[in-house]
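Observations on the model geometry
Spelled out from the first residue to the last, the chains are:
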Amino acid sequence: MELPLVVGVDGSEPSLRAVDWAADEAALRGAPLRLVNASLWERYEGVSRATGADRPSEQVMVEDVVDAAVRRVRDRRPGLNVSADVLPDDPVSVLLHEGHAACALVIGSRGRNGLVELLLGSVSLAVAARADCPVIVLRGGHESRPAGEHRRIVLGVGDGPHSSAPARFALEEAQARGAALDAVRAWRWPGREPTDQPPVEGEPARRNERQAVEILESVLGGPAADHPSVDLRLRAAEGPARGVLLAAAAEADLLVVGAERHHGHVGLPVGRLAHAVLHRSDCPVAVVPGRAGTP
């Protein structure tokens with residue numbers, strides 16, 4: 001059975017725009033769409049779900065929210081396979097549970113009850129740091145953008161054995177959208193500090209640039225062979241990784257980065273780079289765990 005794309009919905013306008021974005025994305029992928037709402041009223045009230053006139057007002061409200069979202073999807077994408085559920089748990093637990101059997105999770109940017117509340121350091125970071133699947137966070141008002149407005153995806157290429165998972169995800173997205181993929185790797189001038197001092201040129205600088213190019217070729221070489229139709233462009237750019245990626249993604253439909261998870265260690269749960277772009281990106285950000293898409 002094909003894994004669904006899962007989106008959180010709570011009835012707020014940002015979450016409904018996230019539903020629209022997710023419906024377009026599911027259609028591009030040819031995947032079913034699953035809508036989920038996190039509601040704790042059953043746990044607090046100690047009752048089971050009722051039907052008809054005996055339904056508590058809280059149950060009526062959340063079910064109406066989900067039903068309206070389903071109708072919205074069917075109006076937008078009539079042929080899309082869509083399902084929905086109200087789950088009695090907190091938002092993070094619901095999304096993490098759904099991520100066990102999802103091709104990706106979509107989280108909007110603000111919401112009514114917290115399910116899509118983008119309080120970075122809370123729901124989105126907690127889910128991105130622990131989900132088993134890619135997590136797509138829709139920044140600001142970008143839920144309302146068409147899924148293929150720029151026909152361009154940007155991939156931030158990192159180090160380590162898990163870099164192939166974000167690369168494969170980005171290539172699959174580019175292929176589904178008919179978009180170009182810019183794979184970007186930042187490099188720095190030797191000894192350069194964040195000041196106005198001129199960079200040190202010469203062989204050490206060329207060596208750093210060549211190393212960045214070699215990493216790009218190593219990470220993208222294998223996965224790219226499986227996606228020959230994708231217009232793949234490798235780019236090594238001088239500068240701090242955060243600034244390089246944010247500039248590259250200014251006119252992109254999606255920015256893809258890996259999750260540098262550090263379980264049991266002090267530090268940012270998704271890594272410094274992912275944390276930075278989640279706060280400041282001009283486009284949706286997909287945070288891909290290292291094991292996603294690997295054999």
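As a reminder, the structure under discussion sits directly above these lines.
Quick look at the structure, then. What you are looking at is a predicted structure, and each value in this text was computed from that prediction instead of being measured.

Our focus in this paragraph is the pairing of strand E7 (residues 180–187). Of all the 8 residues making up E7, 7 are buried; the element is thus mostly covered by neighbouring parts of the structure. Where strand E6 (residues 152–156) meets E7, 5 bridges bridge the pair, whose relative direction is parallel. Within the sheet, the bridge partner assigned to Ile153 lies in E7 and is Leu181.

This next bit is on the pattern of salt bridges. According to the stated counting rule, one finds 15 salt bridges in the structure shown. Arg177 is the partner of Glu25 in a salt bridge, and the nearest nitrogen-oxygen pair spans 2.9 Å. Of the two residues, Glu25 is situated in helix H1 (residues 13–29) and Arg177 in helix H6 (residues 164–177); the sequence distance between them amounts to 152 residues. Linked by salt bridges that have partners in common, Asp20, Asp24, Arg72, Arg76 and Arg77 make up one network.

In this section: the packing of H1 against H6. Working note: a packed helix pair is described by the angle between its axes plus the distance between those axes. Two numbers describe how H1 lies on H6: the axes approach to 9 Å, and their chain directions differ by 85 degrees. The orientation of H1 relative to H6 falls into the category roughly perpendicular. Contact residues: Trp21, Glu25, Leu28 and Arg29 in H1; Phe169, Glu173, Ala176 and Arg177 in H6. Taken together, the residues of the contact of H1 with H6 break down into 4 nonpolar, no polar and 4 charged.

Within the secondary structure layout, Pro240 lies in the loop between strand E8 (232–238) and helix H8 (241–248). Of the residues examined, Pro240 reaches a relative accessible area of 46% and is grouped as partly exposed. Between the C-alpha atom of Pro240 and that of Leu273, which follows or precedes it by 33 residues, the distance is 9.9 Å. With residues up to four places along the chain from it excluded, the contact list for Pro240 reads Ala186 and Arg188.

Leu33, Leu35, Ile136, Leu155 and Val256 are the most contacted members of the largest nonpolar core, which has 46 residues in total. For this core, the element with the most residues is H1, which contributes 7 residues. Leave out the neighbours within four places in its chain, and Leu35 touches Val7, Val9, Val19, Ala69, Val70, Val73, Val82, Ser83, Ala84 and Asp85.

Here the focus is helix H4 (residues 91–99). In terms of residue burial, H4 counts as a mostly covered element, since 7 of its 9 residues are buried. Every buried residue belonging to H4 is among Pro91, Val92, Val94, Leu95, Leu96, Glu98 and Gly99, and all of these are buried. On its buried face, H4 sits against strand E1 (5–8), strand E2 (33–38), strand E3 (82–87), strand E4 (104–107) and helix H5 (123–130).

Let us look at the sheet that holds E8. Judged by pairing direction, the sheet is mixed, and its 10 strands sit side by side in the order E3-E2-E1-E4-E5-E10-E9-E6-E7-E8 without closing on themselves. Each edge of the open sheet carries a strand with a single partner, namely E3 and E8. In this sheet, adjacent strand axes meet at a mean angle of 25 degrees when their direction is disregarded.

Note on strand geometry: in a regular strand, side chains alternate between the two faces of the sheet. Burial along E4 is two-sided: Ala104 and Val106 facing one way and Leu105 and Ile107 facing the other are all buried. Inspection of the sheet shows E1 paired to E4 by 3 bridges, in the parallel sense. Bridging from a neighbouring strand, Val6 pairs with Leu105 of E4. Judged from the 3 bridges that link them, E4 and strand E5 (residues 135–137) form a sheet pairing that is parallel. By the bridge assignment for E5, Ile107 is matched with Val137.

About the thresholds
Residues numbered from 1 in each chain as written. Predicted model: local features only at pLDDT ≥ 70, side-chain atom pairs only at ≥ 80, totals over all residues. Heavy atoms only, no water. Buried < 20%, exposed > 50% of the residue type's maximum accessible area, 1.4 Å probe, protein only. Helix = DSSP H or I, 4+ residues; strand = E, 2+ residues; numbered from the N terminus. Pairing = 2+ DSSP bridges. Salt bridge = Lys/Arg side-chain N within 4 Å of Asp/Glu carboxyl O. Axes fitted to C-alpha atoms, helices over the stretch in contact; angles between N-to-C directions. Parallel < 35°, antiparallel > 145°, perpendicular 65-115°, else oblique. Contact = heavy atoms within 4.5 Å. Nonpolar A, V, L, I, M, F, W, Y, C, P; charged D, E, K, R; others polar. Core = buried A, V, L, I, M, F, W, Y, C linked by side-chain atoms within 4.5 Å.

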